[in-house]
Amino acid sequence: MTVSQNSTGSVVGIAQPPPKISVIILNWNGQDDTLECLASIKKLEYTNYEVVVVDNGSIDSSVDAISREYPDVTLLQTGANLGY
């Protein structure tokens, strides 16, 4: 947060940080697409965000690949294909 004072000492121009957003990605046996999506998100100039991948019971190697390549991503595993 940036605080400035004018010549009289009054506080002016309080800059607030940008709001935190959540990016939620649904995955079901879509390792390549999900990894490509995560790579794209990492290129964002906006920095105040979190990424959550919800895996709907994938039987491919999605979970392992996401965990290995993006350890900072929150990975929720539902254990079954629950749809949207």
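Everything in this summary refers to the structure shown in the same document. (Residues numbered from 1 in each chain as written. Predicted model: local features only at pLDDT ≥ 70, side-chain atom pairs only at ≥ 80, totals over all residues. Heavy atoms only, no water.)

Observations regarding the pattern of salt bridges
Now for step 1: In this structure the tally under the stated criterion is 1 salt bridge.
Now for step 2: Ionic pairing is found between Lys42 and Asp72, a salt bridge with its closest N-O pair at 2.4 Å. Within this pair, whereas Lys42 is found in the loop between α1 (31-41) and β4 (49-55), its partner Asp72 is found in the loop between α2 (62-69) and β5 (74-77), the two being separated by 30 residues in sequence.
Now for step 3: The class of Lys42 is partly exposed, set by a relative accessible area of 37%. (Salt bridge = Lys/Arg side-chain N within 4 Å of Asp/Glu carboxyl O. Helix = DSSP H or I, 4+ residues; strand = E, 2+ residues; numbered from the N terminus. Buried < 20%, exposed > 50% of the residue type's maximum accessible area, 1.4 Å probe, protein only.)

Observations concerning the nonpolar core
Now for step 1: Formed by Val23, Ile25, Leu35, Leu38, Ile41, Tyr49, Val51, Val53, Ala65, Ile66, Tyr70 and Val73, the largest nonpolar core amounts to 12 residues.
Now for step 2: Of all the secondary-structure elements, those providing two or more residues to this core are β3 (21-27), α1, β4 and α2.
Now for step 3: Apart from residues no more than four positions distant in its own chain, Val23 is found in contact with Ile41, Glu50, Val51 and Val52. (Core = buried A, V, L, I, M, F, W, Y, C linked by side-chain atoms within 4.5 Å. Contact = heavy atoms within 4.5 Å.)

So, the sheet that holds β3
Now for step 1: If you walk across this open sheet you meet the 3 strands as β3-β4-β5, and the pairing is parallel. With one partner strand each, in any of the chains shown, β3 and β5 form the two edges of the open sheet. In this sheet, neighbouring strand axes are inclined to one another by 20° on average, regardless of whether the strands run parallel or antiparallel.
Now for step 2: For β3 and β4, the ladder comprises 7 bridges, and the chain directions are parallel. If you follow Ile25 over to β4, its bridge partner there is Val53. (Pairing = 2+ DSSP bridges. Axes fitted to C-alpha atoms, helices over the stretch in contact; angles between N-to-C directions.)

Some points on a nonpolar patch on the surface
Now for step 1: Taken together, Ile21, Leu44 and Tyr46 make up a surface patch of nonpolar side chains, about 240 Å² in accessible area.
Now for step 2: Note on Ile21: relative accessible area 38%, which makes it partly exposed. (Patch = residues over 30% accessible without salt bridge, like charges linked within 9 Å, V, L, I, M, F, W, Y side chains within 5 Å. Areas by Shrake-Rupley, 256 points an atom, 1.4 Å probe, with all protein chains shown as cover.)

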